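The lines below spell out each chain.
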Amino acid sequence: MWAYLVRRIVQAIFILFIITMLCFILTRLSSDPMAQYANKPGITAEDRERIAKNLGLDKPLPVQYVRWLGLALQGDLGNSFFSKQPVIEMIKQRLPLTLKLMITAEIFIILVSVVLGLVAAVKQYSFVDNLITTLSFIGFSMPIFFIALGCIMLFAVKFKQWGLPYLPTGADIWDPKDPIELIRHMVMPVFCLVAIQTAGYSRFLRTSILEVLGLDYIRTARAKGLTERVTLYKHAFRNAILPFVTIIGLDIPFLMGGALVTESVFTWPGMGRLFWEYAQRGDYPVVLGVLLLTSSGVVFFTIIVDLLYTVVDPRIRLG
Amino acid sequence: MTETSEFAKSSTSVGSIDEERKAPLTPSQLIWRRFRKHRMAVVGGIGAVLLIIFIIGGSIIYPEARANETDLKARLSPPSETHWFGTDSVGRDVFIRIIYGGQISLFIGILAVTVSVSLGTLIGGIAAYYGGWVDSLLMRFTEAMLAIPSLFLLIVLAKFIGREVGQVVILGRTFSGSIGIVILVIGLTSWMYLARIVRASVLSIKELDYISASRALGASDTRIFFRHLVPNTLGPIIVSSTLGLAGAILTEAYVSFLGLGVQQPTSTWGNMMQQAQSFLTRGAWWMWVFPSTFIVFIILSVNLLGDGLRDAFDPRSSRHL
């Protein structure tokens, strides 16, 4: 057990090393951070040289990488080139808002997909099952901006025209601290995320319930005269939910990264939009900061999920 | 994680079991049989074929020049008899742009899947076959790629290899060079799952006796790898290329939506939707509805097809026959 844990942590550190190196090379070389000073009047060549030196951009790339990594390990992700704020502060502002949106969405996604998956499995090949299956496949095949733009068109633009109570498009300025405003702005993005994400989860759960229902111990349970209800919820569901819990567990750290497209369409001030806005400007300290935070979350969370899994399912032994 | 097939109810009759006993079927016959009985998959297959006929047939009827023909007097006009799907902001016919855009979207999808399948097979195969530190290194790299949220990775890579590119001429037609970049970006960010599948599959095969036998006969590593290991992992490769095609077309739409995709005047379904976004509030619903319907339709068809293939290639699902 301990040997396993140590090995996993060593692997995780190695993976993070690869991630940071990969991201550093890709982001650092994709745009020139000095480009913003290139054509500004009043900034001479010497000024540019001085700025580059202050930012450490005159050193060779490996030196820059080691310097960035060293500071990052101490919790200093550098300053944004554009907003001049420390990256860590910017993330601290955005992360709670992203988590509010994503956790709300995730709760609804889990609830809806458990209900749909259960119904579809129990009523296998019925009309309801076929309907759920068809809808899941459509949801699975749809880009999220398709449904997001449709929602804005209908619930924000058209409802306003028709004089009905309408939802905000997100284009207006609003205060995230006001709970009513927050909920009003959350309805559409949450709805879109649920509509798209539920598809995969419910289909997955349906499959694993059906697999468990075909096992011998379920036949035994039925044979000894247990009601269908007890068989289903006490025997089948508990085992079928295990793989489902794993995929949810593995998806949870990705919530930190937010939903880039949804946040952009609904102008939700979260991590995804932070990343997108600063990636467009080539502001690499911000981009690297967001990448480092989300991917290290993913890497360490995977280990935790694996460990927790041995608690939930005692048949699994780590070695 | 076997997908339970859709046809189990109709095919558990005793008759079909007797039939199977009569004549032993070859593996490929069994696969075809399982696939045929998967109703949704057949529907998906037919849908995909119809779409291909549409985009190829359409380009025979309408010359390519008409897809880029601008008519400023008829800009943003709703669907009519002359313009079936209406016109866009510079008066180009949406119907004809969908035909040509579909060709590009499919072309990007197929080439991107080729890139990702080749990479995935090669990396997964090499990792499993050589084992040891090669395996560790390649798998850690795969895990590293998987730990970065996919859209973040896509954007970072698109920014890295994306730059100003001119036009390219393929088969006498002119395209924006950004097509190549989009293909590379999608291909380089989608090989990881396949690499893991191929690795697992090769790991289980490489200990089998026939591999030792061919090694004893003096076959080289390359020969064993390409002649014996890769063909035996073909099932999962075919399935994930089909599902990967749907994924690649969807990714193209996302990349274009973010403005990192194929540049105008070359149209793709993705960049048509991106263009439509700014005219949506002005009521130009046709610019948005038609390309997105086609995107959803093709992805849905290919996904259904892939789902059917997965059941057909999975011998465990034969209990339903």
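Residues numbered from 1 in each chain as written. Chains lettered and ligands numbered in written order. Predicted model: local features only at pLDDT ≥ 70, side-chain atom pairs only at ≥ 80, totals over all residues.

Visitor: Any chance you could explain the overall build of chain A here in plain terms?
Guide: The helix and strand inventory of chain A stands at twelve helices and zero strands. Moving toward the C terminus, one meets the helices and strands of chain A in the order α-α-α-α-α-α-α-α-α-α-α-α. Referenced to the eigenvectors of the C-alpha coordinate spread, the extents of chain A come out at roughly 85 × 65 × 30 Å. Per-residue burial for chain A yields a buried fraction of 35% across its 319 residues. Pairs at least 24 residues apart make up 68% of the contacts formed inside chain A by residues separated by at least 6 positions. (Helix = DSSP H or I, 4+ residues; strand = E, 2+ residues; numbered from the N terminus. Buried ≥ 20, exposed ≤ 12 C-beta atoms within 10 Å, placed from the backbone. Contact = placed C-beta atoms within 7 Å.)

Visitor: I would appreciate a short explanation of the overall build of chain B in the present structure.
Guide: Counting its regular elements, chain B contains 14 helices and two strands. Taking all 321 residues of chain B together, the buried fraction comes to 45%. Residue pairs at least 24 apart in sequence account for 72% of intrachain contacts in chain B once pairs closer than 6 positions are excluded.

Visitor: Which parts of the structure should I look at to understand the interface of chain A and chain B?
Guide: Contact with chain A, which involves 38 residues of that partner, is made by 35 residues of chain B. Contributing elements (two or more residues each) for the side of chain A that touches chain B: α1 (2–30), α5 (127–140), α6 (144–161), α7 (179–213), α10 (260–265), α11 (271–280) and α12 (284–312) of chain A. Top contributing element to the side of chain A that touches chain B by residue count: α1(A), with eleven residues. In terms of residue class, the side of chain A that touches chain B is made up of 28 nonpolar, nine polar and one charged. (Nonpolar A, V, L, I, M, F, W, Y, C, P; charged D, E, K, R; others polar.)

Visitor: Any chance you could explain the nonpolar core here in plain terms?
Guide: In summary, soluble globular proteins display a tendency toward joint burial of nonpolar side chains. Counting 152 residues, the largest nonpolar core has A:Ala148, A:Ile209, A:Phe275, A:Val287, B:Ile155, B:Val182 and B:Ile249 as its most contacted members. If one sorts the elements of this core by residue count, helix α14 (residues 285–313) of chain B sits on top with 15 residues. In contact with B:Ile249, not counting residues within four places along its chain, are B:Ser105, B:Gly109, B:Ile295, B:Ile298 and B:Ile299. (Core = buried A, V, L, I, M, F, W, Y, C linked by C-beta atoms within 7 Å.)

Visitor: Would you take a moment to explain α5(A) for this structure?
Guide: Here α5(A) is 14 residues long and its end C-alpha atoms lie 20 Å apart, about the 20 Å a rise of 1.5 Å per residue gives. Residues of α5(A) that are buried: A:Ile132, A:Thr133, A:Ser136, A:Phe137 and A:Gly139. For α5(A), the arc enclosing every buried residue in end-on projection is 160°, short of the 170-degree limit, so these residues lie on one face. Buried-residue contacts for α5(A) involve α4 (87–122) and α7 of chain A together with α14 of chain B. (Expected span 1.5 Å × (residues − 1). Arc of directions from axis to C-beta.)

Visitor: Help me understand the packing of α6(A) against α7(A) in this model?
Guide: All names here are of chain A. α7 packs onto α6 with a crossing angle of 140° between their chain directions and a minimal axis gap of 10 Å. With respect to α7, the element α6 is oriented oblique. As for how α6 packs across α7, the hand of that crossing is right-handed. Contacts between α6 and α7 involve Ile144, Ile147, Ala148, Cys151 and Phe155 from the former and Met188, Phe191, Cys192, Ala195 and Ile196 from the latter. Of the residues contributing to the contact of α6 with α7, the split by class is ten nonpolar, no polar and no charged. (Axes fitted to C-alpha atoms, helices over the stretch in contact; angles between N-to-C directions. Parallel < 35°, antiparallel > 145°, perpendicular 65-115°, else oblique. Left-handed = near helix turned anticlockwise from the far one by under 90°.)

Visitor: Even after reading the chapter, I still don't get unusual backbone geometry, so can you show me in this structure?
Guide: When glycine is set aside, most residues are seen to have a negative phi, and most peptide bonds are trans. Residue and element names in this part refer to chain A. Residues other than glycine seldom take positive phi values, yet lysine 84 does so here, at roughly 65°. Among the secondary structure elements, lysine 84 is positioned in the loop between α3 (61–73) and α4. Residues other than glycine seldom take positive phi values, yet threonine 267 does so here, at roughly 40°. Following the sequence through the fold, threonine 267 ends up in the loop between α10 and α11.

Visitor: Would you mind showing me how to read helix α5 (residues 94–130) of chain B here?
Guide: Every α-helix winds through 3.6 residues per turn, so residues three or four apart in the chain are directed the same way. The end-to-end C-alpha distance of α5(B) is 52 Å, a good match for the 54 Å that 37 residues give at a rise of 1.5 Å each. In the stretch just after α5(B), B:Gly131 is the one whose phi turns positive, near 60°.

Visitor: Is there a simple way to explain the environment of B:Ala248 in this structure?
Guide: All names here are of chain B. Note that alanine 248 resides in helix α12 (residues 234–257). Given 29 C-beta atoms within 10 Å, alanine 248 falls into the buried group. For alanine 248 and threonine 142, which are 106 residues apart along the polypeptide, the C-alpha to C-alpha distance reads 19 Å.

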